[in-house]
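# Close look at the chain arrangement
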Amino acid sequence: MNAEHVTLLLILGFIAGGVGALAGIGGGIIITPILAIYLGVPMHQAIGVSLTAVIATSTATSSVYVEKGLSNIRLGMTLEMATTIGAAMAAIIAGFVDRKTLAVLFSVFMLYTAASLVKKAWDSRHQKVETEIPPYKVKRLSAGLGASLVAGGLSGLLGIGGGPIKVPIMFLFMGIPLRVATATSNFMIGVTAATSAYIYYGRGDIPLLVAGPIVTGVFAGSLISARLASRVRTTYILFLLVFVTLYLAANLLWKVWGGKF
Amino acid sequence: MTTQTDKQEEGKILGWTLRLGAYGSVALIVLGLFLRFAHEGVGLGFLRAGFLLLMFTPAVRILVAGIVFLRERDYHYAIVSAVVLTVVVLTSVLALVGILPQLEK
């Protein structure tokens, strides 16, 4: 570990955090595979590092959403009862899962994320921004709790935020306006990721000298792009991210397939 | 019944809790990295402190929310906060004290 490694990790974090925030997803989907494929970080540790980056972005961005009153704090905390339990259980289970299986599961989730990004990009071509939040009533809370348990589990197993699971469920099934769903999901991610992060940390799966520069880079990148977000057309960024995600997923699978993982 | 002003107040308090935790922990992490590479060996303590602050900021946020709900006499959500806080604190104690990692062996 020397200054060059630190610089490289800072840049990786900065790009992942910046692009992730523009696209409305966490940087974990890019950071974990890059660490695991190209930088020789063991899969469990790559996931642990990603968890800390996820906590940092969620904490920083949700402070803004919460103040603007966009996050539904009460709904978020109700669903957190499920996400934290799912996260703790899955983080323990992850300790027993071998790295190849984790890598394959991660690739599957990347394909799912790529698909949801394609849909998002397609919708964003002529979407008007919801400036005013329409009045709404929370419906089907039990479905939301079930989905939150699954999202928390995926977070603990794969080190991701779980937004691509929670946001559609809240939006499509629970009657929550899209912007509120996004802000509420973001609000929940910090607590969820922290719950799994304790277990990864206790197991020694969060290498601080790798996580330090990544967290710093992601934090700076996501703050800067949060300011740019309203001025940049996201359609192209979303499509770019789809290609990057698919490329990394293919590489990860290729590596596992070839027995070099 | 929670009023609109209550909700604005909640947002402000929770927003600042999160902001302080995020900026504070990243500042400690940057300082730790800097010291680590300026003088070999020093800095790991700051780095560790930064990560602990980062990982416990969400827990503090739940505690603060619980207190805010109690003050508003919103007992339903005070209990919800207590449940989430119990899960989080229990997990952190078991994991960091080292009971969970030993299960692995």
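Check the entry above for the structure.
Residues numbered from 1 in each chain as written. Chains lettered and ligands numbered in written order. Predicted model: local features only at pLDDT ≥ 70, side-chain atom pairs only at ≥ 80, totals over all residues.

### Details of the overall build of chain A
Of regular secondary structure, chain A possesses 10 helices and zero strands. When the helices and strands of chain A are read in sequence order from the N terminus, they spell out α-α-α-α-α-α-α-α-α-α. Relative to the globule expectation of 18 Å for 261 residues, the C-alpha radius of gyration of chain A, 17 Å, shows essentially globular dimensions. Taking the principal axes of the C-alpha coordinates as reference, chain A spans close to 50 × 40 × 30 Å. Considering chain A as a whole, with its 261 residues, one finds that 58% of them fall into the buried category. A fraction of 85% describes how many contacts in chain A between residues 6 or more apart in sequence connect residues 24 or more apart. (Helix = DSSP H or I, 4+ residues; strand = E, 2+ residues; numbered from the N terminus. Rg over C-alpha atoms; globule rule 2.2 N^0.38 Å. Buried ≥ 20, exposed ≤ 12 C-beta atoms within 10 Å, placed from the backbone. Contact = placed C-beta atoms within 7 Å.)

### A look at the packing of helix 1 (residues 3-23) of chain A against helix 10 (residues 234-257) of chain A
Residues and elements named next belong to chain A. Packing of helix 1 against helix 10 leaves a shortest axis separation of 9 Å and a crossing angle of 125°. Compared by their axis directions, helix 1 and helix 10 come out oblique. Considering only the axes of helix 1 and helix 10, their crossing is left-handed. Only Thr234, Ile237, Leu238 and Leu241 of helix 10 make contact with helix 1, whose side of the interface consists of Val19, Leu22 and Ala23. Of the residues contributing to the contact of helix 1 with helix 10, the split by class is six nonpolar, one polar and no charged. (Axes fitted to C-alpha atoms, helices over the stretch in contact; angles between N-to-C directions. Parallel < 35°, antiparallel > 145°, perpendicular 65-115°, else oblique. Left-handed = near helix turned anticlockwise from the far one by under 90°. Nonpolar A, V, L, I, M, F, W, Y, C, P; charged D, E, K, R; others polar.)

### Things to note about the nonpolar core
Within the largest apolar cluster, 114 residues are counted, with the highest numbers of intra-cluster contacts made by Ala56(A), Ala197(A) and Ile214(A). Ranked by residues supplied to this core, first place goes to helix 8 (residues 178-202) of chain A with 14 residues. When neighbours within four sequence positions are excluded, Ala197(A) is seen to be in contact with Leu51(A), Thr52(A), Ile55(A), Ile206(A) and Met55(B). (Core = buried A, V, L, I, M, F, W, Y, C linked by C-beta atoms within 7 Å.)

### Looking at unusual backbone geometry
The backbone of Arg140(A) shows a phi angle near 45°, a positive value even though the residue is not glycine. Position of Arg140(A) relative to the elements: it lies in the loop between helix 5 (99-124) and helix 6 (141-158). Positive phi, close to 55°, is recorded for Arg73(B), a residue that is not glycine. Within the secondary structure, Arg73(B) sits in the loop between helix 2 (44-71) and helix 3 (75-97). Of the residues examined, Arg73(B) has 9 C-beta atoms within 10 Å and is grouped as exposed.

### Some points on helix 8 of chain A
Residue and element names in this part refer to chain A. In a regular helix each residue adds 1.5 Å, so 25 residues correspond to 36 Å; helix 8 covers 36 Å between its end C-alpha atoms and thus fits that length. Its axis deflected by about 30° at Ile189, helix 8 carries its strongest bend there. In terms of residue burial, helix 8 counts as a mostly covered element, since 23 of its 25 residues are buried. Of the residues one or two after helix 8, Gly204 is the one with positive phi, at around 85°. (Expected span 1.5 Å × (residues − 1). Bend = angle between axes of the 7 residues up to and from the residue.)

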